Amino acid sequence: MQDIIFDKPYTFTPPHHGNWWPRVLGLLLERQLHKQYGVESITCLGTEHLTQSLKAGHGVLLAPNHCRPCDPHVLGVLSRRVGQPVFVMASAHLFVESRFKTWLLRRCGAFSVYREGMDKAAVDAAIDILEHARRPLVIFPEGVISRTNDQLNPLMDGTAMIARTAAKRRAKGDATGAPPKVVIHPVAIRYHFHGDIEATVKPLLSEIEARLSWLPQTDLPLVQRVYKVGQALLSLKEMEYLSEARQGPVRERVAHLIDRVLGPLEERWLKSAQPGGVVARVKRLRGAILPDMIKGDLDERERERRWRDLAVCYYAQQMSFYPPDYVRNDTPPERLLETVERFEEDLTDVARIHRPMSATVTVGAAIEVSAARQRGTGDAVGDPLMQRTAAVLRELLGIEGY
């Protein structure tokens, strides 16, 4: 399990408001993306939409998909190309790794948000940024890194709440008769792999197969080999949590396994089964498990039990990031790479960097935020503003079918 959860008291880390540091550090972004993440070129499209909103003085919220760890760096390049620094809401665990990293993140415009509970200070900071149009605000509404560029996870409603509250305050604070707006720009980040996919993926698969005590499955076509490894890893998790490997379609097996592992935890910690997507369910569970751990008044046995429950939550969430039928015979090389990277990351907590990559960033047209909450339509789940944002993101990414 990656170190994204901590059991120490949380203190809000505000952003640094100066413009000098973001501009200076922005000069290093593309070099860092090349060196650290293998992203060798970035193309920015639709920047005129963002420029128009900035010229109009709107409070601007950028809502990107979040498929790779380097997404914030890519958004930094977009920021530099439009000549406007941004503020970024970033997970609190990033600010406890080292003092230097905290210093650096703040100078880049980042501020912390505690995702395992209600972080009023972070919410207030985000609303203030939009209300006063200090800079564009970046919030990744999926809430997690999916490592699937062709699937968009459900968007968290908290993003809409922040935008709507800021819109309400802006409308009250302007007496000109034409109050400035708060707008959301969906931002689609699309990565492309330009290397030899077979030469890249096959050594990784051989290492994973060795972990499974298999001989290298080199006689199989690449897609079948990836699928066989995925089936094996799923069966191992079924054996761990269900005591047997199940048969049937992968989609049904994954959904069944997630419900079987999260269901008992929800009964224990939340007293009932929870609605919504896996990320939202895991967030609520963490919010119930962690507070007493942070207080520090639990005995060692209870702390170990809670850490086990948190590990179960983590792996359930990871399992939800394997879309059924994501790898097929006509699969683009990027999907194969993402899937094998996910295998490696789930087994070792680290995924190696593969190059050369490029990124295309497409800024969508502004979505005006109403101060009044709108009702959902039909059987749609979630906030209508987030539904609309998700629809635009899927269109920009070209993934309406996922």
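Quick note: structure is the one above.
Residues numbered from 1 in each chain as written. Predicted model: local features only at pLDDT ≥ 70, side-chain atom pairs only at ≥ 80, totals over all residues. Heavy atoms only, no water.

## With respect to the side chain of Thr-159
Here Thr-159 lies in helix H7 (residues 158-172). On the basis of relative accessibility, which here comes to 4%, the residue Thr-159 falls in the buried class. (Helix = DSSP H or I, 4+ residues; strand = E, 2+ residues; numbered from the N terminus. Buried < 20%, exposed > 50% of the residue type's maximum accessible area, 1.4 Å probe, protein only.)

## Quick word on H7
A rise of 1.5 Å per residue sets the reference length of H7, with its 15 residues, at 21 Å; its end C-alpha atoms lie 22 Å apart and thus fit the reference within 8%. Regarding H7, the residues found buried are Thr-159, Ala-160, Ile-162, Ala-163, Arg-164, Ala-166, Ala-167 and Arg-170. Against strand E2 (59-64), strand E3 (87-91), helix H6 (120-131), strand E6 (182-193) and helix H14 (384-397) lie the buried residues of H7. (Expected span 1.5 Å × (residues − 1). Contact = heavy atoms within 4.5 Å.)

## Focus: the layout of surface pockets
Looking at the second largest pocket, its volume works out to about 730 Å³. As for the second largest pocket, its lining consists of 33 residues, of which Gly-230, Leu-233, Leu-234, Tyr-322 and Phe-343 are closest to the centre. The leading source of residues in the lining of the second largest pocket is helix H9 (residues 222-242), at nine residues. Its residues assigned to classes, the lining of the second largest pocket shows 18 nonpolar, six polar and nine charged. (1 Å grid on protein atoms, 1.4 Å probe; cavity = no way out; pocket = protein on both sides within 12 Å on 5 of 7 lines; lining within 4 Å. Points joined across faces, edges and corners; volume = space filled by probe spheres on them. Nonpolar A, V, L, I, M, F, W, Y, C, P; charged D, E, K, R; others polar.)

## Considering the packing of aromatic side chains
Tallied over the full model, the rule gives eight aromatic pairs. Relative to Trp-21, the ring of Trp-20 lies with its centre 5.0 Å away and its plane at 80°, an arrangement referred to as edge-to-face. Classification of Trp-21 by relative accessible area gives partly exposed; the value is 28%. Measuring from centroid to centroid gives 5.8 Å for Tyr-322 and Phe-343, while their planes differ by 25°, and the two rings are stacked. Residue Tyr-322 is found in the loop between helix H12 (300-319) and helix H13 (333-348), and its partner Phe-343 is found in helix H13; the two are separated by 21 residues along the sequence. What links up through ring pairs into an aromatic cluster is the set Trp-20, Trp-21, Phe-100 and Trp-103. Lying over the aromatic face of Tyr-191, Arg-68 brings its terminal NZ or CZ to 5.7 Å of the ring centre. Here the guanidinium or amino end of Lys-228 rests over the ring plane of Trp-214, the centre of that ring lying 5.5 Å away. (Phe/Tyr/Trp six-rings, centres within 6.5 Å; stacked < 30°, edge-to-face > 60°. Lys NZ or Arg CZ within 6 Å of the ring centre and 35° of its normal.)

## Focus on the nonpolar core
In terms of nonpolar packing, the biggest core is built from 49 residues, with Leu-33, Val-39, Ile-42, Leu-62, Tyr-191 and Val-226 touching the most fellow members. Counting residues per element, this core draws most heavily on H9, which supplies six residues. If we ignore the near neighbours within four places in the chain, the residues touching Tyr-191 are Val-39, Cys-67, Arg-68, Cys-70, Asp-71, Val-74, Asn-149, Glu-334, Met-357, Ser-358 and Ala-359. In terms of nonpolar packing, the next biggest core, distinct from the first, is built from 34 residues, Ala-63, Phe-111, Ile-184 and Ile-367 among them. (Core = buried A, V, L, I, M, F, W, Y, C linked by side-chain atoms within 4.5 Å.)

## What to know about the pattern of salt bridges
Enumeration according to the criterion identifies 30 salt bridges in this entry. Notably, a salt bridge pairs Arg-281 with Asp-259, separated by 3.0 Å at the nearest N-O pair. Of this pair, Arg-281 sits in helix H11 (residues 278-295) while Asp-259 sits in helix H10 (residues 250-270), placing them 22 residues apart in sequence. Assessed through its relative accessible area of 9%, Arg-281 is described here as buried. Residue class for Asp-259 comes out partly exposed when judged on its relative accessible area of 43%. Overlapping salt bridges, with partners in common, bring together Arg-68, Arg-147, Glu-341, Arg-342 and Glu-345 in one network. (Salt bridge = Lys/Arg side-chain N within 4 Å of Asp/Glu carboxyl O.)

## Here's the deal with the environment of Arg-135
Considering the arrangement of structural elements, one finds Arg-135 in the loop between H6 and strand E5 (137-138). For the pair Arg-135 and Val-86, spaced 49 residues apart in sequence, the C-alpha separation works out to 5.3 Å. Setting aside anything within four residues of it in sequence, one finds Arg-135 in contact with His-16, His-17, Gly-18, Asn-19, Pro-22, Val-60, Gln-84, Pro-85, Val-86, Phe-87, Gly-109 and Ile-129. Of the polar contacts made by the side chain of Arg-135, one reaches the side chain of Asn-19; its length is 3.2 Å. (Polar contact = N/O pair within 3.5 Å; in protein donor to acceptor, adjacent residues only side chain to side chain.)

## A closer look at empty space enclosed by the protein
Summed over the entire model, instances satisfying the criterion amount to one cavity of 30 Å³ or more. Of the voids in this model, the largest cavity is the one considered here, and its volume is about 40 Å³. If you go around the largest cavity, the residues you meet are Cys-67, Arg-68, Asn-149, Tyr-191, Phe-193, Glu-334, Leu-337, Glu-338 and Met-357. Secondary-structure elements contributing two or more residues to the lining of the largest cavity are E6 and H13. If one sorts the elements of the lining of the largest cavity by residue count, H13 sits on top with three residues. Across the lining of the largest cavity, the residue classes tally to five nonpolar, one polar and three charged.

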